[in-house]
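# Reading the structure
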Amino acid sequence: MQNHILSIILFTPLVGALVLLFVPKENKDAIRWIANFFALAGLLVSLPLVPWFWAQRFEPGFKFIEGAAGNWIPSIGASYVLGIDGISFLLIMLTTLLGWISILSSWTAIENRVKDYYIWFLVLQTGMLGVFMALDFFLFFVFWEAMLVPMYLLIGIWGGPRKLYAAIKFFLYTLAGSVLMLLGILFLYFHHHSVTGTYTFALQALYDTAPRIYSDYGPHVATLLFLSFFFAFAIKVPMFPFHTWLPDAHVEAPTAGSVILAGVLLKMGTYGFIRFSLPFFPQVLADTTTHLGMTVRGWMIFLSIVGIIYGALVSLMQKDMKKLVAYSSVSHLGFCTLGIFALTPLGISGSVLQQINHGISTGALFLIVGILYERRHTREISEYGGISNVMPIYATITMIMFLSSMGLPLLNGFVGEFTILQGTFMENWRWGAWAVPGVVLAAAYLLWLYQRVFFGTVTNPKNEKLHDLTPREVATFVPLLIMAFWIGLYPKPFFQILEQPVNHTMAMARPDYPQPAGSMNTTAANTTAAVQPPAIVAPAANMPTSPTPPPVSASTKMEGTN
Amino acid sequence: VVWTDYLLALPITLLALFALGILLIDLMLPKEMKWANAVTAFIGVLFSAAGVYKIQLWMKDAPLSLGMLNTMLVDRFAIYFWYLFLAATGVAILMSVRYLETEHENHGEYYALMLLSVAGMMCMAAGFDIVLIFIGLELMAISTYVLVGFLRRDRRSNEAALKYLLLGAFSSGIFAYGLSLIYGLTGSTNLFIIGARLPALVHSEYKPVAIIALLTTITGLLFKIAAIPFHQWAPDAYEGAPTSITGFMSVAVKAAGWAMLLRILGFSYEINGRVVSWGLISMRPIYVPLLVFVSIATMTGANFAALTQTNTKRLLAYSSIAHVGYMLLGLVAGTAAVLSPDGIKGILIYLLVYTFMNLGAFAVITSLRHRNVIGDELDDLNGLYSRAPVEAVLMLIFMLSLAGIPPLAGFWGKYFIFLSLIETGHYALASLGVLYSVFGLYYYLKIANAMFMGKVEKGEEKLPISFTMRAALGLTALATLYIGILPNQFIELVNWALGIAQNPAVANLTH
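Anyway, here's the lowdown on the structure attached to this text.

Analysis parameters
- As a convention, each chain's residues are numbered from 1 in the sequence order in which they are written.
- A letter from A marks each chain and a number from 1 marks each ligand, given out in the order of writing.
- Residues qualify for local features only when their pLDDT is at least 70, as the model is predicted, and side-chain atom pairs are given and counted only at 80 or more; totals for whole chains, interfaces and linings, by contrast, use all residues.
- Only heavy atoms go into the side-chain values, all of them from the structure, while hydrogens and water stay out.
- Each helix is a run of H or I in the DSSP string that is no shorter than four residues. Each strand is a run of E no shorter than two, and both are numbered from the N terminus.
- Based on C-alpha atoms, the radius of gyration is set beside the globule rule, defined as 2.2 Å times the residue count to the power 0.38.
- Accessibility here uses a 1.4 Å probe with only protein chains present; expressed as a share of the type maximum, an area under 20% marks a residue as buried, one over 50% as exposed, and anything in between as partly exposed.
- Only the protein chains shown count as cover for residues, with accessible areas throughout obtained via the Shrake-Rupley method and a probe of 1.4 Å.
- Under this rule, positive means Lys or Arg and negative means Asp or Glu; His and the chain ends count for nothing.
- Here the site of a charge means atom NZ of a Lys, CZ of an Arg, CG of an Asp or CD of a Glu.
- In this description, contact between two residues means that some pair of their heavy atoms is separated by no more than 4.5 Å.
- In short, buried area is how much 1.4 Å probe accessible area vanishes from two parts on joining, totalled over both.
- Salt bridges are defined as contacts in which a side-chain nitrogen from Lys or Arg sits within 4 Å of a carboxyl oxygen from Asp or Glu.
- Put simply, buried Ala, Val, Leu, Ile, Met, Phe, Trp, Tyr and Cys residues joined by side-chain atoms within 4.5 Å make one nonpolar core.
- The rule is short: rings of Phe, Tyr and Trp, with Trp giving its six-membered ring, pair when the centres are within 6.5 Å, and they are stacked under 30 degrees, edge-to-face over 60, tilted in between.
- The rule is short: NZ of Lys or CZ of Arg within 6 Å of the ring centre and within 35 degrees of the ring normal puts a charge over the ring.
- Multiply 1.5 Å by the residue count of a helix minus one, and that product is the helix's expected span.
- Under this scheme, a helix contributes an axis fitted over its contacting stretch, all axes are lines through C-alpha atoms, and angles between N-to-C directions fall in the 0 to 180 degree range.
- Roughly parallel means an angle under 35 degrees; roughly antiparallel means over 145; roughly perpendicular covers 65 to 115; every other angle is labelled oblique.
- The sense of a crossing depends on the near helix, which, turned anticlockwise from the far helix by less than a right angle, makes the crossing left-handed and, turned clockwise, makes it right-handed.
- In this classification, the charged set is Asp, Glu, Lys and Arg, the nonpolar set is Ala, Val, Leu, Ile, Met, Phe, Trp, Tyr, Cys and Pro, and all remaining amino acids, among them Gly, are polar.
- Strands pair, by our definition, only if DSSP identifies at least two bridges between them.
- Polar contacts, as used here, are pairs of N or O atoms within 3.5 Å; protein pairs need one atom able to donate a hydrogen and one able to accept it. Residues neighboring in sequence count only if both atoms are side-chain atoms.

## Some thoughts on the overall build of chain A
Scanning chain A for helices and strands turns up 26 helices and 2 strands. Against the compact-globule benchmark of 24 Å for 562 residues, chain A has a radius of gyration of 23 Å, which places it among compact chains. With the C-alpha coordinates of chain A rotated into their principal frame, the extents come out at 75 × 55 × 45 Å. Classification of the 562 residues of chain A by burial places 67% in the buried group. Approximately 18000 Å² of chain A is accessible, and the part contributed by carbon and sulfur atoms is 69%. Where the 29 positive side-chain charges of chain A centre and where its 26 negative ones centre are 5 Å apart.

## Some remarks on the interface of chain B and chain A
Each partner contributes residues to the interface: chain B has 42 residues there, and chain A has 47 residues. A buried area of about 4200 Å², summed over both sides, lies between chain B and chain A, and 75% of it is on carbon and sulfur atoms. At the boundary of chain B and chain A, one finds 0 salt bridges. Elements represented by at least two residues in the side of chain B that touches chain A include exactly α16 (389-403), α17 (409-423), α18 (427-453) and α20 (488-498) of chain B.

## Considering the nonpolar core
Ranked by internal contacts, the top residues of the largest apolar core, which has 407 residues, are A:I76, A:F138, B:F81, B:W82, B:F85, B:W258 and B:Y415. A per-element tally of this core places helix α4 (residues 76-103) of chain B first, with 18 residues. Contacts of B:W258, omitting those with residues within four sequence positions, involve B:I225, B:V324, B:M327, B:L328, B:L331, B:I347 and B:L351.

## Quick word on the packing of aromatic side chains
All names here are of chain A. By the definition in use, this model includes 75 aromatic pairs over all chains. Over the ring of W54 we find R57; its NZ or CZ atom is 3.6 Å from the centre of that ring. Positioned over the ring face of Y373 is R379, at 4.7 Å from the centre of the ring.

## Comments concerning the environment of B:F356
Residue and element names in this part refer to chain B. Summarising the element assignment, F356 is placed in helix α14 (residues 341-367). Residue F356 is classed as buried on the basis of its relative accessible area of 16%. For the pair F356 and I483, spaced 127 residues apart in sequence, the C-alpha separation works out to 9.8 Å.

## Notes on helix α18 (residues 392-406) of chain A
Residue and element names in this part refer to chain A. Given a rise of 1.5 Å per residue, 15 residues ought to cover 21 Å, and the 21 Å separating the end C-alpha atoms of α18 matches this to within 8%. Residues of α18 that are buried include every one of Y394, A395, I397, T398, M401, F402, L403, S404, S405 and M406, and no others. On its buried face, α18 sits against α15 (321-342), α16 (345-376), α17 (387-390), α19 (412-427), α20 (429-454) and α21 (471-489). Looking one or two residues beyond α18, the residue adopting positive phi is G407, at roughly 90 degrees.

## A few points about the packing of helix α2 (residues 10-28) of chain B against helix α5 (residues 108-126) of chain B
Residue and element names in this part refer to chain B. One way to put it is that α2 packs onto α5 with a least axis distance of 8 Å and a crossing angle of 165 degrees. In terms of orientation, α2 and α5 fall into the roughly antiparallel class. For the pair α2 and α5, the crossing hand works out as left-handed. Where α2 approaches α5, its residues P11, I12, L15, A16, F18, A19, I22, L23 and D26 are matched on the opposing element by G108, E109, Y111, A112, L115, L116, V118, A119, M122 and C123. Partitioned by chemical class, the residues of the contact of α2 with α5 number 16 nonpolar, 1 polar and 2 charged.

## A short note on the pairing of strand β1 (residues 64-67) of chain B
Residue and element names in this part refer to chain B. On β1, burial follows the alternation: S65 and G67 on one face are buried, whereas L64 and L66 on the facing-out side are not. Strand direction decides the pairing type here: β1 and strand β2 (residues 72-75), joined by 4 bridges, are antiparallel. The partner of L64 across the bridge, within β2, is D75. Taking the residues between adjacent antiparallel strands as the criterion, β1 and β2 are bridged by 4 residues, where M68 takes a positive phi near 50 degrees.

## Regarding the side chain of B:S320
As for its placement among the helices and strands, B:S320 is situated in helix α13 (residues 312-332). Every residue in contact with B:S320, bar those within four places of it in the chain, is listed here: B:Y238, B:K254 and B:Y354.

## Concerning the side chain of B:K446
Residues and elements named next belong to chain B. Looking at the element boundaries, K446 is found in helix α18. Despite its burial, K446 remains without a salt bridge, the nearest opposite charge being carried by D379 at 9.3 Å. A polar side-chain atom of K446 sits 3.5 Å from the main-chain carbonyl oxygen of Q309. Not counting residues up to four positions away in its chain, the partners in contact with K446 are L307, T308, Q309 and L378.

## Brief notes about the environment of A:T378
Residues and elements named next belong to chain A. Considering the arrangement of structural elements, one finds T378 in the loop between α16 and α17. Assessed through its relative accessible area of 14%, T378 is described here as buried. Measuring from C-alpha to C-alpha, the distance between T378 and P282 comes to 48 Å, with 96 residues separating the pair along the chain. For T378, the residues in contact, after removing those within four places along its chain, are Y373, E383 and Y384. Among the polar contacts listed, one links the side chain of T378 to the backbone nitrogen of E380, at a separation of 3.2 Å.

Dropping the structure here:
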């Protein structure tokens, strides 16, 4: 069971989609029940992962690895290999949770073409899980691209008035970034071959050789290569100025689509940065040569800060609730990328935690907007007012989620943002200082929104008869509320899970950084560093300073012995 | 000369015999029995395939074999293309049965011409003598001219046939002129001897003549594969031709053009430690810049032209021109003097996947033709999903595959082309190519949008799909998905066809 747990989690939704194919489309209720069954099953089969993973959270390397080299396309060296570490573990749990919640929330929201809707949604779920699980770069790329298709259809068929425009824009925009990444992947593939004589897409093998591109081909090529990955991830995140697809896609997507889009899809970009950009190009980030006035890393930080401030300011100006939440994502994801490129252990683990937080709170915000939209079919803020009088439960839940999103202590958002800012301050206090206004602005646009929609008396007669949440709707919020409080009150388990992968990433991305000192749990970090397999740390540690290139034999020998 | 010398032409002979047989049987068939012609043609294709298989078995150890008085080179490359032509023809026959009935043009000549054109294609793929190649080309081309104009009562079809005939004859003339110059220079029509004698000539006072010969030959070749600026015939011919023939032309005729192009421009492969090369390969430094220009022009022109099309067949015509642009990049890959084996591998895989996905797309369009609906306008696809959900989903698969989204077959064509470019350092060309492929997604999505998100305009009735059409759709969709998800054996097949050793350097890593 443990050996195949990842495949089981990965394919449960797909099996559900296949089963749905055989249900007649007139039988809407049966379709809904089956889809919800498989969505819940998807969540349930992922739950055993929690204790199993917890037991080995400090152990080095990827866990639950399955699949062997050459089991898929041996002639090009691509294989079906899955495995997770703490970062992907948290994102997978987020995905299965949000997947279930979104499918549950669609019960009454989707009335036409119910069958296709659930089929595509379940396919999407498999695609997203695959991105977080793949340990083979090629497999990763296939999931990364394949997942675009169901999302495109979800927006395009069940979306709002401008759905066609939004769907095509989403598809083209993200595809444009990822095809350049494919070229980057191929470059790494051939570089790996020229170094070791082996054609492979295995992530761990590329970790060994990719950093050497900087010395083998020079800073220029390495920077271009960094950019080819950067575009794919930055568009996905989205970082300013690549964010323009996001408001369109979010506003037009059906509620559940928005939840998944904000909750999971955007995380694939930040995940890509942590998983690929940082370990592959440590010297590019350490490089002090400037391009257009800033270093590469400086640009990353700059774009993150601009995203934080810009996203928040634009949110303030929105008249449409959903658009407001969409732009707030730009701002929140700015924090995530800021934490990543601060390149401190606290920054990165804060960033991952904030990604989870954003999935929880923004996912909830989209659900909140969706519930009101389902009842009134408008998202104009000016149409509402005094909703707390007619929908008290709804108003309470909304308040908690707004507070969580703006980063109030005791709720999850605070922990994430605080850790990111702390990590950023440790690196450069100016960066942190520029980012802090984002927190203030978040409070401003959210509280102002709350005031306009919920407080006061009911001014619009159409709002007088709105009914409060149904038990099913409450059920969609309960897990999110629990998670929000848990992370807010006791985040330690999450940091423990993140410790090993973050330290590992730091060791590759910034070998000169004094490692154990910056970590949160010193004893565990020491063991981690000690048990670290030499093949992964050794080349990384040698890289930037050592005058001679790291020995080729070390990495090839490791590959040979396994 | 031993008798086996002629045996190598067995599949071609069989096709020609069946074609003649169909013409005879057709005379005896009553009007409502005309479908029997399709059956005969299909059996002919099967027999021919069995013949190819026999030759493959017979050649087992020999990498190549010269036949028909040294005019034919039957190597794995030729066998690969033979199978490809036959597969495409088989599917095209399945597509045609109901369509011809609807058009009231159910004549036996249709299938006879189809088989004859395949016989021509086989000569092109296996030709090792420029005369045989040219004869094969003309046999194929003339059969196709007639097939394009097969809808006698349709003015568009007539116009298309005339246009295709005029431009085709013109280009054949230029091509023949180039070949005659090559013959004049080298004193031989055999590609191997030409390949051996050309290098010396290129560095002599005959260089200008050699360059003119090269340019005219390449013009003829580029015309046949419809590369810009020699593409003008394609959109018109594709739009006017019977839809089943459009599908046939866009894959089989195109693949034959490519086989001929590769044969004449030449590539080299290693067999038993000996490097075999022929044709104009020694002039590669001269024609590569030309190919770069043509492929950029083709990708640019075709992708932009496709954006504004409102006719599905015309849109797919431009899309198929764009695909030629990507494939030409595979020919550019490598150094100025040496063609990268991965580049030509990319082209072969591209042609394989393109055959299935494009035929599938045309099968869907063909199935839209019923009663009074022509069904080739983009608007006819509106709301297809509610009328024929299975066809709509299959069409979506074909469109995404054409756009190169993994894990569908079309991705692998593009993957190997761009892989060969990255491998040989053509980063800028690779970036341009992938960006154009994103660009291309836009017009494929236009079709998807119409099917899934458009409103039905003309009637709500279900689309009648014949049994043979179902078979054609099923086969192409299955191939598109299967090659897409599990491409390994197909990659090995192409490696086999090109004599590339199965990559020993591929990872034996455990993670």
